[in-house]
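Here are the chains, one letter per residue:
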Amino acid sequence: MIKQVVTTLNMVPVNEAVTVFLRQALDEVGEPRPDPGREATADQMLDQLARLAVALVPLRVPA
């Protein structure tokens, strides 16, 4: 449902997402724990975002 809202606002949805469960992601003192799976997903999301940024350059309206 959020994709409908995003596209209505002329935004482009990114399909990749990083899910963070705070109880699992933080240690006893509140510091983030390393998680190779989460880091790999974040890399995929950022790669997709970079490709979209390049692809959408011609559609941007100069300020």
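Whatever comes next refers back to the structure up there.
The rules we used
Residues numbered from 1 in each chain as written. Predicted model: local features only at pLDDT ≥ 70, side-chain atom pairs only at ≥ 80, totals over all residues. Heavy atoms only, no water. Salt bridge = Lys/Arg side-chain N within 4 Å of Asp/Glu carboxyl O. Buried < 20%, exposed > 50% of the residue type's maximum accessible area, 1.4 Å probe, protein only.

## What to know about the pattern of salt bridges
Counted by the stated rule, this structure contains two salt bridges. Here Arg 33 makes a salt bridge to Glu 28, at a shortest N to O gap of 3.4 Å. For Glu 28, a relative accessible area of 74% gives the class exposed. The closest approach of N and O atoms between Arg 38 and Asp 35, which form a salt bridge, is 3.6 Å. Accessibility expressed as a relative area gives 18% for Arg 38, which makes it buried. A relative accessible area of 30% places Asp 35 in the partly exposed class.

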